[in-house]
Structure formats: structure tokens, C-alpha cells
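# Secondary and tertiary structure notes
As a plain string of letters, each chain reads:
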Amino acid sequence: MRSSKRLGILSLAAVVGLGTFAPVAGASALPVQEGAQPVEIKISSTENIVEKQQLIDKLKELFPGTFDFLSADDFQMGSGFRYGGEDEDVVRYALDFDKEMGNGKYVYGNALFVGEDLHIEQFNYQPADLSDALFPGKITKEEAEEIALELLGRYPDGSSYQLSDDQFFYYGNQTLTEPIRYHFTFNRLHNGVPVADQSLQVTVLANGVVTDFYKIENGSEDHSYDAADAVIDEENVVEKIKENIHLQLHYQIRYDEPNSKKVELVYSPFPLVTGVHALSGDWKTAAAFSEEVPTLGEFTMLTDEPLESAGNEITLEAARRFAEELLAIDSDEVKLRIESVERRDNSYSGREVISVNYMYEYRNGGYGTNLELDAQTGEIVNYYNIKRDVLNEIGQEPNLGRTLSEEEALTKAVDYLEEYAPSYLHHYAYPVKENGYSYNNEFNFVFPRIENGLEVVGNQLFVTVSPDGELINLAAEFEEIDQWPNAAEAISEEEAIERFNEALQVSLSYVRDYREDQDQHYHLLYVPAFSDKGYAYLDALTGQWATGEDRVLPEVSHPWAEEELNHLLQAGILTVDDPENFNADEKITKGKALEVTMKSLTYIYPPFPGENDRAQSFDNIGPDHPLFQVVEQAVNYGVLDTDEREFALDEPLTREELAVWYIKALGLEAAGKHDEIYQLGFADTNLVTEEYRGYVALANALDLLTASQNQFRPKEETTYAQLAVSSFRLAREAAEQNQRFY
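Nothing here was measured: the structure is a model prediction, and the numbers come from that model.

About the thresholds
- Residues numbered from 1 in each chain as written.
- Predicted model: local features only at pLDDT ≥ 70, side-chain atom pairs only at ≥ 80, totals over all residues.
- Heavy atoms only, no water.
- Core = buried A, V, L, I, M, F, W, Y, C linked by side-chain atoms within 4.5 Å.
- Buried < 20%, exposed > 50% of the residue type's maximum accessible area, 1.4 Å probe, protein only.
- Helix = DSSP H or I, 4+ residues; strand = E, 2+ residues; numbered from the N terminus.
- Contact = heavy atoms within 4.5 Å.
- Phe/Tyr/Trp six-rings, centres within 6.5 Å; stacked < 30°, edge-to-face > 60°.
- Patch = residues over 30% accessible without salt bridge, like charges linked within 9 Å, V, L, I, M, F, W, Y side chains within 5 Å.
- Areas by Shrake-Rupley, 256 points an atom, 1.4 Å probe, with all protein chains shown as cover.
- Salt bridge = Lys/Arg side-chain N within 4 Å of Asp/Glu carboxyl O.
- Lys, Arg positive; Asp, Glu negative; His and termini not counted.
- Charge placed at Lys NZ, Arg CZ, Asp CG, Glu CD.
- Pairing = 2+ DSSP bridges.

## Comments concerning the nonpolar core
Counting 104 residues, the largest nonpolar core has Leu59, Phe63, Phe123, Leu594, Phe647 and Trp661 as its most contacted members. Among the elements that make up this core, the one with the highest residue count is helix α15 (residues 720-736) (nine residues). Setting aside residues up to four positions removed in sequence, leucine 594 forms contacts with Val630, Val631, Ala634, Val639, Leu640, Phe647 and Trp661. Counting 44 residues, the second largest nonpolar core, distinct from the first, contains Ile329, Ile354, Leu404 and Ala476.

Now the structure itself:
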């Protein structure tokens, strides 16, 4: 246990009692898997012959010794259930557990067991104490990998999985109050070849505890696989690709974050090819095989001239009436309820939309989502039809009627666009790529945007039509873009082909064909790639390679803060423009220091639609400023006050000012502001600003900022290295106090 330093008149415990923070106790809701989930079909109790103890035994078998502290009463078993589709005959059982460990701390978790052998398909665990998994942690990534491999060795068929090189990237920043997590993906092998859609994911904390296990296996024992004993030589495939390679010059819109996009001019190879069949040498497209290499044809525009808009700017009441008509459902057992109609900015395009939130209510529950309309024209921006899901829920199987041909379905899709989103159709062409996947026999169409004769990847129109012609989905988020890269400045196609041929590599993979008549078979393909980092493309203006994930993790050196600095860089908390020439002993500005401090404690995300409309706290930090979110979070958490009209982001930060930030961040301002109750024993006490005395005393007592040779050095300007080390101390203190920053 850490000993407390003397504060003078009051003890540390007493002044902490003056603080405003309150530890959060109790378990939160268990995490759920993102994305659309299959509908669960519960089985009758007479079918359920599995007992809770069987599941407990299976859990302890996979994680020996980990859960011996739990009794049978700490576990709860749910009823067995089935998913629909190809897994309709497979029964799954859920097992939840939780236990109070004292001092307001809990452990909780869950596991999902599948099939007759009750193999664990999913597992999630939240230990009560995560302190030893905080930086620097007890184990390295290599040691965590060994733990994951040992787990795999206990898993049925675990020997058929191989560690993948795929990297796990966080969106935004990690925090220092959360444990270090090591993520590993293992690909399933068949005949020694990776299967594209079958893998295991394991997460190990830096204290050696496995907290997550997830098996992805979109298949069943009935699936067939190509033989692997007559594979074409890799050299022959590489030569075949080089001889037939052709490129598409096109625009590409990259959305690095909401409200931030970048238009690039790029070369991409084989726009219609997904691989080469390893047995026949045929080219694989989304929906078929071809002896001849498939190429894009000419684009045919939906219309050469702008169509008349659906209307002018609409009112909220008009939007409600339109929604009621569009969303009407043919069932006396279901009631449509419009819950809200509001104006807001669209997520990526920035256009103002009217969002209609609605719910279909029925006896045992309800389904709901939202409809987006362009506020200026009344046209549909985003719509997904959930009527069939609702009817299925209440046992009313929808009558699909006749089945359309793909040509007829395409005609219906164009009709829907002309009716509901006509304003921008002169920017779009008919689909040129095959429809490779269909859910419930639906027809999915992607209409490419064309500008200056080039396709714009990243701003397509999406339309889904049901087998009997009903509109299922329409997404028409048109981007207003004023300037396009000049195609005349691109490197020649010949030069680009040289770059592609130099970078070309192929790998074998089993790939499932999701067409209805082929969805039980995995084809053995040679899949071309041009980078070890996965998806890559060639910048047509510079001739340089770029990847879908450009994040390069820099490393810096320092005699005593190197480990802390590099962890901050890898966590996205600290950014430096020139790692090679970075000097960690340089003074850090208040703006940069505040960014590091807040990202150490909480997640800083780019603003979402409407957030930039809120009032700013400082005149010089508006919504367009890169530190706007950081500064507003700091104000929200009480780290910054708004007594001044401007935030001096370019000024250096003194140690006593940093002490004030830290104590406020911990919720102890009520204790820190009582400067009269503290007696400082530093040799340079007289240099401490009087109103900062309490904050300095607390920061020193909590080991956040400490004195050296009895000198606190309150006016000394903070360096990058000093901030890095103290940031970890702050984060650990916040974690020990069970502080939560949301």
C-alpha cells in the first residue's frame, strides 16, 4: 500500500473528502456485439436437456483456475435458442455470471455455447481489479501471445488455426485509465490454407487475463472445399496477372473522420476481379468465373440532364406526412408511431436533413429506426424498410408474390431513384459491377458517381429491391465537392503498371461464394495484393503507395521517459510531426499539454453532426479549431475555467498550473481551492502562487508532481518528457479512485 505524504493541517483522507468525485459502483450492462444480429428463436423447455453445471464445467475447462472463486449461484443460464438460416438446427446456450468482490467492485461476464459439444463461441469477462493491467503492465505483447496460443491449444480444433498478421487499430485515442489490451486474430486453415471468413479473436490484458474470445465461422460441416493437390504454381499466376493487368483511374473519397473528407486521384487494378482460381486459372469476379479477364465497360448515365427536384424546402409537418405514407404497414396488429421529427446535419455530407424517428409497435414489443430526408428538397437521403422484419416478428409471413428478374429489379430501382431522389441522378451511372451477394433473394444495386468521366469511389447510390419489387433500402448521400484533382497531372498508366507489377504478391485463400446456388462451397483462390498492410492503392499524382490505414506509429528516444512517450504515441494521445528530430526536453505548450491530459483520461472523438453548432467557451477556439473538442471536454470536466475570453494555447505550462489541472481532473477542486488550510514545506514555497497552494500540496501528496531536493519548482515550464511521466501517474490515480470520464 502506498504511504500518504503529510499535507500540513489536514490529512490526505480528509481533504479528499472535500472533493466532488463519487466512485461508480456496480456492474454496467454487458457488452453486445455491434451490427445486425440474427433473430433468436427460443426452443421449448422439453428440448432443453443441457444443465447449467455442464456449461460451467465447459467454461472452467477452457479457462482453468480463472473462475474457481465463483460458485454455481453466481452463474445464470438462459434458455436454449436457435438462429435462423443455415444455423437453424444448431442450439446455443448463454451463461452469465457476476459477483460483488467488495469495496464496490464487481466481476461479470458471459459466454455463449454452441452445438452438441457445447463449444464456446463467444466469451467476455470484466475482472474486478484492472490496476495491474495499466501501463506498464505485467506482461509484454509476446507473453500475451503465448497466453493466447495456450488458450487455442485447449480449444477444440484449435490446432487448425494460425496467427494472423492483421493489426488492430483504435478509432481515435486510447486512454491511460483503461488497461492495455493485446488483440490477436487466428485464421482457420483448411488443407493448410486460410479460410477467408473463419477466424478466432482473442484479447489478453497486460496482466495476463483473457477478457474476450470470439469465434467467427460463417459455415457448417456441409460446406465443400476445392482440393489443394493440383494447384497452379504461384509463379505462373503472378506472370498471368502481370500479362493481363489493367488499371482504373478514378477518384476516391476518404472519410478520415466525420465532416472531414479528402478527394484523391488513384489507380486501382482489376476493378472487377477478386482473385484467380488456383485450379483452373480462371478470373474470379463477384458473381462468376471467367476465362477472359473482365474489364469495365463504358459508363451509361442514368440521365444526361438534371431532373426536376421532388420539391422545395419542406416543413417538419410535411416530412411527417410523407413518412406516414411511406412507412404505412399493412397489418391491424402493428401500429406506426412517429416519435420525433427534427432538423440536423447529415453525418458525412454536411447537408441539413430532417430525421424522422419512428417505431412499429405490436403486442410483445416493437421495432424502430429513422428515416432521413433532404431538408431542402424533401428527397430521401437514407431509408431502410423494416416492415418485413416486423411482420416476421408477429408471425405474419409477407407474401413475396412473383419473383422479378434482375433486369426487372434494376428498372424498379431506377424508378425508385427517380421518384424519391431525382436531384442528383445526372451525376450517376447504371451499375457496372456484378451483384455478388443477396440476402433473402433481394437485389442490391450500386450506382457509381461519375465526374469528369471518372468513377468516384466512396459516393455511390445504394438501392435494394425485394423479390417482388418492394423498396427495401435507399441511400443517397450526395457529396458537394467543388474541386477535383486534375487527371491530366496523373502519372501515365504504363508507369503505374510498372509500380503495380513491382509490388505484386499473391496468397492462397479459401473464399466462399455467397451466391444462392454456390453458397455451400469454398473456392481456392490466389488473391493479389500490393502491400503487406492489406488494401493499398497508388496515388496517381505522386506515384506513391498508400494504404487504407496510413497510421504509422513513430518511436522516439529519451533517457528516462522513452517508454512513456512511445506508449502515448502508440495510443494516439501524443502526436509529433517529426519523430526523428523530436526533442522531449522541449517546453510543451498549454494547448498540446491539455490535449495529452484530456486524451489520457477520456476519448476525444471528432465532432458529430450538430456538435459544432454548440457555443464555444473561448473566443479563439471555435468549432473549426483542431483542439475544439479537447478544450470543450476540459471545460465540461472542470479542468479549465472560462474566466478568460481566450485560452492561451501557445503559452508554456508551468508546473503549478499543471498541478491545478490534475487536481481539478480528479474532482478535487473543492479541496484544492482552500489554499488557507495547507502548509507547504518546500524550500521554494514562497514561489508558489497563493491561490495554487492547495492544488500543489495535493499534487505532491498524490505523487502526481513531486518535489526534488525539497524544491517543487512551481514556475518551471513543463517539458514533453515531464508531462508524459506525470500523465501516467494521473491516470493511475484516477483509476484507483474509480473515476469515470465519458
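## Some words on the packing of aromatic side chains
Under the criterion given, the structure shown has 26 aromatic pairs. Ring centres of phenylalanine 75 and phenylalanine 97 lie 5.7 Å apart, and the angle between their planes is 55 degrees; this geometry places the pair in the tilted category. Taken together, the residues span a long stretch of sequence, with phenylalanine 75 in strand β2 (residues 75-77) and phenylalanine 97 in strand β4 (residues 91-102) at a distance of 22 residues. The class of phenylalanine 97 is buried, set by a relative accessible area of 2%. Grouping aromatic residues by their ring pairs yields a cluster made of Phe63, Phe67, Phe75, Phe97, Phe123 and Tyr125.

## Quick look at unusual backbone geometry
Cis geometry is found at the peptide bond from phenylalanine 135 to proline 136, where omega equals 5 degrees. By the element assignment, proline 136 lies in the loop between β6 (119-126) and α3 (141-154). Despite not being glycine, asparagine 103 has its phi angle at roughly 55 degrees, a positive value. Mapped onto the elements, asparagine 103 comes out in the loop between β4 and β5 (105-114). For aspartate 703, which is not glycine, the phi dihedral falls at a positive 65 degrees.

## With respect to helix α11 (residues 628-636)
Within α11, seven of the nine residues are buried, which leaves it mostly tucked inside the rest of the structure. Restricting attention to buried positions, one finds in α11 the residues Phe628, Gln629, Val630, Val631, Glu632, Gln633 and Ala634. Looking at the buried residues of α11, the elements they touch are α10 (590-601).

## A few points about a negative patch on the surface
Judged by side-chain charge, Glu142, Glu143, Glu146 and Glu150 come together as a negatively charged surface patch. With respect to the helices and strands, the residue glutamate 142 is situated in helix α3.

## A word on the pairing of strand β9 (residues 193-205)
With 10 of 13 residues buried, β9 is to be regarded as a mostly interior element. Here nine bridges tie strand β8 (residues 181-190) to β9, and the two strands are oriented antiparallel to one another. From the neighbouring strand, threonine 185 faces β9, where its bridge partner is glutamine 201. The hairpin formed by β8 and β9 contains two residues between the paired strands, and asparagine 191 there has a positive phi angle of roughly 55 degrees. Sheet topology places β9 next to strand β10 (residues 210-217); seven bridges connect them, and they run antiparallel.

Purely geometric stuff here, so don't read any function into it on its own.
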